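Chain by chain, the residues run as shown.
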Amino acid sequence: MSDASTTTLSYVTPTPTSPWGTYLAQIEAVEPYLGSLSRWIGTLTRPKRALIVDVPIEMDDGSIAHYEGYRVQHSLSRGPGKGGVRFHPDVTLEEVMALAGWMTVKNAAVNLPFGGAKGGVRVDPKVLSRKELERLTRRYTSEIGLLIGPQRDIPAPDVNTDAQIMAWMMDTYSANVGATTTGVVTGKPLLLGGSLGRVKATGRGVYFVGRELAKRLNVDIKGARVAIQGFGNVGSVTAEMFAEAGAKIVAVQDQYGSVHHPAGLDVAQLTAVARQPGGVTGYRGGESLSPEEFWATDCEFLIPAALEGQLTASRARVVKARVVIEAANGPTTTEADLVLRDRGIVVLPDVIANAGGVTVSYFEWVQDFSSFFWSEGEINQRLDQIMTGAFATIWDTHLQHRVTLRTAAFIIGCTRVLQARAERGLYP
Ligand code: GLU
């Protein structure tokens, strides 16, 4: 069979730095390690299904606006689809496909019983009123109702979506099926079947695996310097966790600008100003940095926690960190990954680094099914156990095959997906 028939799709045009292009390059890198399972590689290079929907809503001024929405189920081989929904003006089908692919690998790398999925709406939610946002969320949920369900595909928060949006999604789905169905989304408010610990789970998980990597590299987190790009839920909680462990958050960048202080920034103050107009630039007591200077911050840990494709090859050439921890999905381009590898900078990849969020989503889904809820201590302890165990397996695989941590994580994840695929067999 020709290469084109296994990797080329007519409906997207990936480039070497675009999200799906980056994802495909990562799959190409793992293929030599998959043995006879590589026969099934097309399972990973094509999403199982992709739904594009029109989301029309009435605006507060009476006009009608239309938005483009997507839900992609990349793989259902290991279980129902699982992955967040993002609202962002730059969302495209190609981006959602890549994010869904990374969910497949992530869920398998930490051994959660899920496939991979993702959704998104191409919209800037910041310019919508609360009522418009609610109408958008409800109409989008109804349109993707064809695909989602507690045993089929379970959305969750991602960029610009939160517990309130999950509550509207759960309510809309429940109204459409005629029964309250808490397990259809995760990341819900506590009162509606949400889980303790979910809001902070991604940042907490970033810290857990960062701590494990630091042990292997003999880096002391106490006193270590950390630079973080993105100060939303993931970036701010990651900062809090590292600061609690004695690290200094020396630089932070968000969409408005960057602040820096070699002695460390105050995380509580940063978190408060980050929610105000002007973001982290409202912080008093730091110096500002140009967008490019941020990447050259003197630090031990550099943590991209924003969007894809931020760490480009030219930025990778100036990085001074010892370790890059990918709290965002897909922040490093393929070329940048090679630059970092050649410079001896260790990259802890997204598919393990930010898996804490979906891990506690899994706990939430299980709790919803049994209607029996766990304590926060139990949740955080189980999260630590799963993340630490998954990291150890990836670390050992990286030593065994002499590959990067990313390829090691992909070896574990993709092998599990393709084993499931092979054991299920093809229908008909
Ligand atoms: N959006 C998060 C991620 O990228 C969480 C997904 C989930 O909880 O399903 O991993």
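Residues numbered from 1 in each chain as written. Predicted model: local features only at pLDDT ≥ 70, side-chain atom pairs only at ≥ 80, totals over all residues. Heavy atoms only, no water.

S.K.: Help me understand the overall build of the protein chain in this model?
M.R.: Secondary structure assignment for the protein chain yields 16 helices and 13 strands. When its C-alpha atoms are laid out on the principal axes, the protein chain stretches across 55 × 55 × 45 Å. Per-residue burial over the protein chain gives 58% buried out of 428 residues. Of all intrachain contacts in the protein chain linking residues separated by at least 6 positions in sequence, the fraction that spans at least 24 positions is 69%. Here the protein chain displays about 17400 Å² of accessible surface, and carbon together with sulfur accounts for 52% of that area. Across the protein chain, the centroid of the 42 positively charged side chains sits 5 Å from that of the 43 negatively charged ones. (Helix = DSSP H or I, 4+ residues; strand = E, 2+ residues; numbered from the N terminus. Buried < 20%, exposed > 50% of the residue type's maximum accessible area, 1.4 Å probe, protein only. Contact = heavy atoms within 4.5 Å. Areas by Shrake-Rupley, 256 points an atom, 1.4 Å probe, with all protein chains shown as cover. Lys, Arg positive; Asp, Glu negative; His and termini not counted. Charge placed at Lys NZ, Arg CZ, Asp CG, Glu CD.)

S.K.: So what exactly am I meant to see when it comes to a positive patch on the surface here?
M.R.: Where like charges cluster on the molecular surface, the positive patch consists of K48, R49, R152 and R424. Relative to the helices and strands, R49 is located in strand β1 (residues 49-58). For R49, a relative accessible area of 38% gives the class partly exposed. (Patch = residues over 30% accessible without salt bridge, like charges linked within 9 Å, V, L, I, M, F, W, Y side chains within 5 Å. Salt bridge = Lys/Arg side-chain N within 4 Å of Asp/Glu carboxyl O.)

S.K.: Would you take a moment to explain the site of the ligand for this structure?
M.R.: Close contacts around the ligand come from 14 residues, with K82, K106, P157, D158 and S361 the closest. Taking D158, its side chain carries an N or O atom lying 2.8 Å from a nitrogen atom of the ligand. With the chains in place, 94% of the 290 Å² that the ligand exposes on its own is no longer accessible. Within the residue set of the shell around the ligand, elements represented by two or more residues are α4 (93-109) and α14 (356-370). Of all the elements, α14 adds the most residues to the shell around the ligand, at three residues. Residues of the shell around the ligand, tallied by class, amount to four nonpolar, five polar and five charged. (Near = heavy atom within 4 Å. Polar contact = N/O pair within 3.5 Å; in protein donor to acceptor, adjacent residues only side chain to side chain. Nonpolar A, V, L, I, M, F, W, Y, C, P; charged D, E, K, R; others polar.)

S.K.: Is there a simple way to think about the side chain of E364 in this case?
M.R.: Along the chain, the position of E364 falls in helix α14. A distance of 2.7 Å separates polar atoms of two side chains, one belonging to E364 and the other to K188. Those residues within four positions of E364 in sequence are excluded, and the remaining contacts are V185, T186, G187, K188, G193, G194, S195 and R198.

S.K.: Help me out: how do you make sense of the packing of aromatic side chains in this one?
M.R.: Aromatic ring pairs are defined here through the distance separating the ring centres and the angle between the ring planes. Tallying each qualifying case throughout the model produces 13 aromatic pairs. Judged by centre distance (5.1 Å) and plane angle (90 degrees), the ring pair of W365 and F369 falls under edge-to-face. Of this pair, W365 and F369 both sit in helix α14, four residues apart, which is roughly one turn of the helix. For W365, a relative accessible area of 11% puts it in the buried group. (Phe/Tyr/Trp six-rings, centres within 6.5 Å; stacked < 30°, edge-to-face > 60°.)

S.K.: When you look at the nonpolar core in this model, what are you seeing that I'm missing?
M.R.: Generally speaking, soluble globular proteins have nonpolar side chains that are buried together. Formed by 92 residues in total, the largest nonpolar core has its most connected members in Y23, F242, F301, I303, I325 and L348. For this core, the leading source of residues is α4, giving ten residues. In this view, I325 contacts V206, G210, F242, F301, L302, I303, P304, L348 and A353; residues no more than four positions away in its chain are not counted. If you look at the next biggest cluster of nonpolar residues, it comprises 26 residues, including L51, L136, I148 and W168. (Core = buried A, V, L, I, M, F, W, Y, C linked by side-chain atoms within 4.5 Å.)

S.K.: How do you make sense of the sheet that holds strand β10 (residues 287-289) when you look at a structure like this?
M.R.: Picture the strands of a sheet paired through backbone hydrogen bonds; they go either parallel or antiparallel. Taken together, seven strands build an open sheet; the order of strands is β10-β9-β8-β7-β11-β12-β13 and the sheet is mixed. Taken across any chain shown, the strands that pair with only one partner, and hence form the sheet edges, are β10 and β13 (346-348). When the angles between neighbouring strand axes are averaged without regard to direction, this sheet yields 20 degrees. As paired elements, strand β7 (residues 225-229) and strand β11 (residues 301-304) share four bridges and run parallel to each other. If you follow V226 over to β11, its bridge partner there is F301. Docked against the sheet, helix α7 (residues 198-217) engages β11, β12 (323-325) and β13, running at close to 150 degrees with respect to β13. (Pairing = 2+ DSSP bridges. Axes fitted to C-alpha atoms, helices over the stretch in contact; angles between N-to-C directions.)

S.K.: What exactly am I supposed to notice about helix α5 (residues 130-143) here?
M.R.: Turn by turn, an α-helix covers 3.6 residues, leaving residues three or four places apart pointing in a common direction. The first and last C-alpha atoms of α5 sit 20 Å apart over 14 residues, in line with the 20 Å expected at 1.5 Å per residue. Among the residues making up α5, those that are buried are E132, L133, E134, L136, T137, Y140 and T141. At its buried positions, α5 is contacted by β1, β2 (64-75), β4 (85-88), β5 (116-122) and α6 (163-177). (Expected span 1.5 Å × (residues − 1).)

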